[in-house]
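# A structural walkthrough
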Amino acid sequence: MPTRIPVLIDTDVDFDDYMAMLYLLMHPGVNVQGITVTGSGDVHLSHGVRNVNDMLLLLDDPAIHATPVAAGARAPMIYSNTFPYDARKAADEHYEAEFPGSNPKPVIRDAVSFLKDYLRSCRQPVTVLCIGGGSNWGRLFQQAGADPELRRCCQQKISRIVMMGGNLLPRYVGEERGAEGNIQPTLGDQPYYTNKVAEWNIFIDPLGAQYIFDSGIPITLVALNATQQVPITQALVEQLAAIDNAPARFLTQVLNSSTIAPGIGKYLDFWDPLAAEVLVDASLVHTERFTLRVEQQLDEEDDHSGELIPDTDGAVIEVAMSADRERVYTEFLKVISQYTA
Ligand SMILES: [Ca+2]
């Protein structure tokens, strides 16, 4: 039997994080080694940790129930931007969807220490799925900057980071391939942030993202340029609803919740699950290599913080610019429907 890909997931436990996490936990070619939670993204930290632990019970496998879950950052590395209150409340309450029970296993209190211990002791290189912004891994790479042994360990033990985040603006890659930021559409008629150029994961913690970019580890960035080609459609929700297992029922409840359903077919993309699928099968997207830096300067009047800027001195990043939509849907449904514990 071929070896399964060892994966570490870092999540902010948004609705689409459940799609990504369950996809990887159910994938026969993947072995999830640990899940770190950030409280600087959508969910609040303690709720996020509890929700991930309880989500593990959806899978009928004691080994999966015991997957280590570690609590990470409570705040970004820079600034204090947050997701909207309503989005955070919905995430805390796991979109009104039901878990089978309460997972009693203890929570690991320090995600960065957990990750360092894991990397130092693991025998096989691991792939990192970063779907909650850069606040946890950014802090680890900040420490690695002052610790050559840790930096070497990271470079030897992490084969790739697949990160959902960012967008390359039309002014850099042309109107047809460009993607605008996604801060304003989420804020509706209360645009209390002026930023029109960034994507949420990078906007929340531009410094964390920059530390990840500068880690020296190969990075695939699953950007809005690719995810906007794969909307979450009503047809997909219906196909998911037709699958008879606990994870599919949970995901259907999430997508049908009053907090999510109005966005189906409109502004909700296959953000995090696309990144999870790309981790397993890179041919689902077309990537191009850019050298990029993350704009750090926050300007309250016309904010560009979190903008990805092509810069010859920047970090080399493989950016997903387009996606094979039909294959993305098909592959997702296949893994969810064919799961056996
Ligand atoms: Ca997320």
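Scope of this entry: the structure provided in the associated data block. Just so it is clear, the model here is predicted, and its values are computed rather than measured.

### Thoughts on the coordination of the calcium ion
Protein coordination at the calcium ion: the donors are Asp12 (OD), Asp17 (OD), Asp17 (OD), Ile131 (O) and Asp272 (OD), at 2.3 to 2.7 Å from the metal. In primary-sequence terms, the residues that donate to the calcium ion follow D-x4-D-x113-I-x140-D. Judged by relative accessible area, which is 0%, aspartate 17 ranks as buried.

### Digging into the pairing of strand E1 (residues 5-11)
Of all 7 residues making up E1, 6 are buried, and the element is well covered by its neighbours. Bridge count for E1 against strand E2 (residues 30-37) is 7 bridges, and the pairing is parallel. Paired with leucine 8 across the bridge in E2 is glycine 34. Traced from E1 through helix H1 (residues 15-26) to E2, the parallel crossover comes out right-handed.

### Thoughts on the environment of proline 247
Secondary-structure assignment places proline 247 in helix H14 (residues 246-256). Between the C-alpha atom of proline 247 and that of asparagine 225, which follows or precedes it by 22 residues, the distance is 29 Å. Apart from residues lying up to four places away in sequence, proline 247 is in contact with Leu22, Met26, Leu58 and Leu59.

### With respect to the nonpolar core
If you look at the biggest cluster of nonpolar residues, it comprises 73 residues, and the most contacted ones within it are Phe15, Met55, Leu129 and Ile232. Per-element tally for this core: the top contributor is H1, with 10 residues. With near-sequence residues (within four places) excluded, isoleucine 232 lies in contact with Phe15, Met19, Val237, Leu255, Ile264, Gly265, Leu268, Asp269 and Phe270. Core analysis: the second largest hydrophobic core is formed by 40 residues, Phe141, Ile212, Ile217 and Leu292 among them.

### Looking at the layout of surface pockets
Of the voids in this model, the largest pocket is the one considered here, and its volume is about 970 Å³. Lining the largest pocket are 39 residues; nearest its centre among them are Ala87, Thr186, Trp200, Tyr267 and Leu268. Elements with a contribution of two residues or more to the lining of the largest pocket: H1, helix H4 (85-92), helix H9 (183-187), helix H10 (200-204) and helix H15 (271-280). With 4 residues, H4 is the largest single contributor of residues to the lining of the largest pocket.

### Some words on the side chain of asparagine 53
Within the secondary structure layout, asparagine 53 lies in helix H2 (residues 45-56). Taking the relative accessible area as the measure of exposure, asparagine 53 reaches 3% and is therefore buried.

### Things to note about the state of the cysteines
For the structure on display, the rule yields 0 disulfides. Left without a disulfide partner, cysteine 153 is nearest to the cysteine sulfur of cysteine 154, which lies 5.8 Å away. By relative accessible area, which is 7% here, cysteine 153 ends up buried. We classify cysteine 154 as buried; its relative accessible area is 2%.

Rules used in this analysis
- Residues numbered from 1 in each chain as written.
- Predicted model: local features only at pLDDT ≥ 70, side-chain atom pairs only at ≥ 80, totals over all residues.
- Heavy atoms only, no water.
- Donors = N, O, S within 2.8 Å, 3.2 Å for Na, K, Ca; no water.
- Buried < 20%, exposed > 50% of the residue type's maximum accessible area, 1.4 Å probe, protein only.
- Helix = DSSP H or I, 4+ residues; strand = E, 2+ residues; numbered from the N terminus.
- Pairing = 2+ DSSP bridges.
- Right-handed = clockwise from strand over helix to strand, strands pointing away.
- Contact = heavy atoms within 4.5 Å.
- Core = buried A, V, L, I, M, F, W, Y, C linked by side-chain atoms within 4.5 Å.
- 1 Å grid on protein atoms, 1.4 Å probe; cavity = no way out; pocket = protein on both sides within 12 Å on 5 of 7 lines; lining within 4 Å.
- Points joined across faces, edges and corners; volume = space filled by probe spheres on them.
- Disulfide = S-S within 2.5 Å.

Nothing here speaks to function; it is geometry throughout.
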